[in-house]
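Observations on chain architecture
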Amino acid sequence: MGIPVIQGARIGAYILKQHLLGRKRYPLVLMLEPLFRCNLACAGCGKIDYPDKILNQRLPYEDCMEAIDECGAPVVVIAGGEPLLHKEIGKIVRGALDRGKFVTLCTNALLLEKKMSEFEPSQAFNFSVHLDGDREMHDKSVCQAGVYDRAVAAIKAARAKGFRVTINCTLFNDADPERVAGFLDTLKGMGVDSATVSPGYAYERAPDQDHFLNRNKTKELFRAIFRRGDKGRKWAFFQSSLFLDFLAGNQTYHCTPWGNPLRTVFGWQRPCYLLNEGYAKTFKELMETTDWDSYGVGNYEKCADCMVHCGFEPSAVTHAVKNPFAALKVALFGVNTEGPFAPDIPLDKQRPAEYAYTAQIGQRLNEIIEAEKAPERTAAAE
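Residues numbered from 1 in each chain as written. Predicted model: local features only at pLDDT ≥ 70, side-chain atom pairs only at ≥ 80, totals over all residues. Heavy atoms only, no water.

**Considering helix α4 (residues 89-98)**
For clarity, the threshold we go by: To sort residues, take the accessible area from a 1.4 Å probe on protein chains only and compare it with the maximum for the residue type: under 20% means buried, over 50% means exposed, and anything in between is partly exposed. Helix and strand definitions follow DSSP, with helices as H or I runs of at least four residues and strands as E runs of at least two, each counted in order from the N terminus. Residues count as neighbours in contact if any of their non-hydrogen atoms are within 4.5 Å of one another.
Listed in full, the buried residues belonging to α4 are Ile89, Gly90, Ile92, Val93, Gly95 and Ala96. Contact partners of the buried residues in α4: β1 (29-32), α3 (61-71), β2 (75-78), β3 (102-107) and β4 (125-130). Positive backbone phi, approximately 80°, marks Gly100, located one or two places after α4.

**Here we look at helix α9 (residues 215-227)**
Residues separated by three or four positions in an α-helix point in the same direction, a consequence of the helix having 3.6 residues per turn. Under the convention used in this document: A helix is expected to span 1.5 Å multiplied by its residue count minus one. A 3.5 Å cut-off defines polar contacts: any pair of N or O atoms within that distance qualifies, except that in protein one atom must be a possible hydrogen donor and the other a possible acceptor, and neighbouring residues in sequence count only when both atoms are side-chain atoms.
End to end, α9 covers 18 Å across 13 residues, agreeing with the expected 18 Å (1.5 Å per residue, within 8%). All of the buried residues along α9 are Arg215, Thr218, Lys219, Leu221, Phe222, Arg223, Ala224, Ile225 and Phe226. The secondary structure elements touched by the buried residues of α9 are β5 (164-171), α8 (177-190), β6 (194-199) and α10 (241-247). Between the side-chain oxygen at the start of α9 and the backbone nitrogen of Asn216 there is a gap of 3.3 Å, and the oxygen is on Asn214.

**A closer look at the sheet that holds β3**
The pairing of strands in a sheet happens through backbone hydrogen bonds and is either parallel or antiparallel. Keep this limit in mind: For two strands to pair, DSSP has to find at least two bridges joining them. Structural elements are reduced to axes, namely lines fitted to C-alpha atoms, with helices fitted over the stretch in contact, and the angle between N-to-C directions of any two is expressed from 0 to 180 degrees.
On the basis of which strands lie adjacent, the open sheet formed by nine strands has the order β6-β5-β4-β3-β2-β1-β7-β8-β9 and mixed pairing. The open sheet has two edge strands with one neighbour each: β6 and β9 (276-280). Pairs of neighbouring strands in the sheet enclose a mean axial angle of 30°, with direction left out of account. Across two bridges, the pairing between β1 and strand β7 (residues 262-264) is parallel. Following the sheet pairing, Met31 is matched in β7 by Leu262. Contacts from helix α7 (residues 147-160) reach β4 and β5 within the one sheet, and its direction differs from that of β5 by about 155°.

**Let's talk about the environment of Gly80**
Within the secondary structure, Gly80 is located in the loop between β2 and α4. As for Gly80 and Arg37, which are separated by 43 residues in sequence, their C-alpha atoms are 7.1 Å apart.

**Some points on the packing of aromatic side chains**
Defined as follows: Stacked, edge-to-face and tilted are the three classes for Phe, Tyr and Trp ring pairs, Trp counted by its six-membered ring, which pair at centre distances within 6.5 Å; planes under 30 degrees apart are stacked, over 60 edge-to-face, the rest tilted.
Tallied over the entire structure, the rule returns 19 aromatic pairs. A ring pair is formed by Phe36 and Tyr50, whose centres lie 4.5 Å apart and whose planes are at 25°; its orientation type is stacked. Highlighted residues: Phe36 in the loop between β1 and α2 (52-55) and Tyr50 in the loop between β1 and α2, separated in sequence by 14 residues. The two residues Phe36 and Tyr50 agree in class, both being buried. With a centroid separation of 6.4 Å and 80° between ring planes, the pair formed by Phe125 and Phe163 is classed as edge-to-face.

**Thoughts on the pairing of β1**
Burial along β1 is two-sided: the residues Val29 and Met31 and Leu30 and Leu32 are all buried. Here β1 pairs with β2 via four bridges, running parallel. Among the inter-strand pairings, Leu32 is bridged to a residue of β2, identified as Ile78.

**Examining the pattern of salt bridges**
Pairing between side chains of opposite charge can happen when the charged atoms of each approach one another. Basically, it comes down to this: Whenever a carboxyl oxygen of Asp or Glu lies within 4 Å of a side-chain nitrogen of Lys or Arg, that contact is scored as a salt bridge.
Inspection of every chain in the model, using the stated rule, returns 21 salt bridges. Measuring nitrogen to oxygen at the nearest pair gives 2.9 Å for the salt bridge that ties Asp344 to Lys219. Of this pair, Asp344 sits in the loop between α13 (324-333) and α14 (357-381) while Lys219 sits in helix α9, placing them 125 residues apart in sequence. For Asp344, a relative accessible area of 34% corresponds to the partly exposed category. Linked by salt bridges that have partners in common, Asp134, Glu136 and Arg179 make up one network.

**Considerations on a nonpolar patch on the surface**
For the record, the criterion: Like charges within 9 Å and nonpolar side chains (Val, Leu, Ile, Met, Phe, Trp, Tyr) within 5 Å are joined into patches, using only residues over 30% in relative accessible area that form no salt bridge. Using a 1.4 Å probe, the Shrake-Rupley method yields the accessible areas, and only the shown protein chains count as cover for residues.
Together, Phe325, Leu328, Leu332 and Phe333 give the surface a local cluster of nonpolar side chains, amounting to about 470 Å² of exposed area. As for its placement among the helices and strands, Leu328 is situated in helix α13. For Leu328, a relative accessible area of 42% translates into the label partly exposed.

**Some remarks on the environment of Lys53**
For Lys53, the location among the structural elements is in helix α2. In the structure, Lys53 is positioned 312 residues away from Leu365 in sequence and 7.2 Å away in space, judged by C-alpha atoms. Within the structure, the side chain of Lys53 is placed 3.0 Å from the side chain of Glu372, a separation counted as a polar contact.

**Re the pairing of β6**
Across a regular strand the side chains alternate sides, sitting on one face of the sheet and then on the other. Stated precisely, the cut-off is as follows: Handedness of a crossover: with both strands directed away from the viewer, a clockwise path from the first strand across the helix to the second marks it as right-handed.
Across the six residues that make up β6, a large majority, six, are buried. The alternating pattern of β6 places Ser194, Thr196 and Ser198 and Ala195, Val197 and Pro199 on opposite faces, both of which are buried. Bridge analysis of β5 against β6 gives six bridges, and the strand direction is parallel. Counted as the bridge partner of Ile167 is Ala195 from β6. As a crossover connection, the stretch from β5 through α8 into β6 is right-handed.

That is the geometry; function is a separate question.
What follows is the structure, encoded as structure tokens:
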């Protein structure tokens, strides 16, 4: 695996501590979105479909630090939108590192060379660059020509300055296993430390609703990819071996939505990074008042095809800590790419999907408008 030893050891010790304390639910990774605005408009993205007044919002440094302290997770992943558009992004990263966190900054890399001077290389920090395959695959995914070449140039520049760089590759139902395997082969030549791979999630507001993978297709795709890479051992992944085994259909996991809680400009998103079912004002409120049992595969229609890392990586990591020999077996012998899949979770009792996006956005817009009017009212009153 491409996870640094010290990071793996610290996370393992953290999980053991939670179990010794008898905590049933606890965070592993804080997903921090200090803004929704992006400089791309990818067809499979459901994170930037907001009116301009919302896209113009920013989570200030102080609120970011409060979220990090309140959550207490050992890892902070800064996403968006495009985090490099945030004027305080360098300060936010330094603040997280000063708190002893492992920090990943997700970026499409279009601004990386321009912004690189705001950061310093560290074993606890890495840039995670969005690359959905080779040049043709990626530029098609982000709906803009030339993005792949700019991202690769930025990766090489970052590596030359001593930064750790991983890539984040999201796959859809038109992915060709041979081409994906070929793309993973090229990463070493770019100097990339490791890769994160995951199927895309069918965001309800994503412009392209035709190319998301269902669960069987996901398992078949990843088995076909790993088969071309010595059962996955050919490549370094910034993921647990058991999560990769899960993607190939060899593990049955329930989702752990509280494992990667999300803080945005609106608050703590319920129930996870992928679903927007309302917000809590505090992390404590999120954990204590969310009806967790109503979400996840088998419980909720929107979760039926999800196999995304933000929900299932925490399940796999917890399994690895409880059963290290299971993880070691996959690490040594690779992902199984033959035979029947592990039993899947039945969907016959899941509740139907609910859609509250329009109402939520209307509420958030009204809150922003009211906040903008407040100084005028105060001035008029005086």
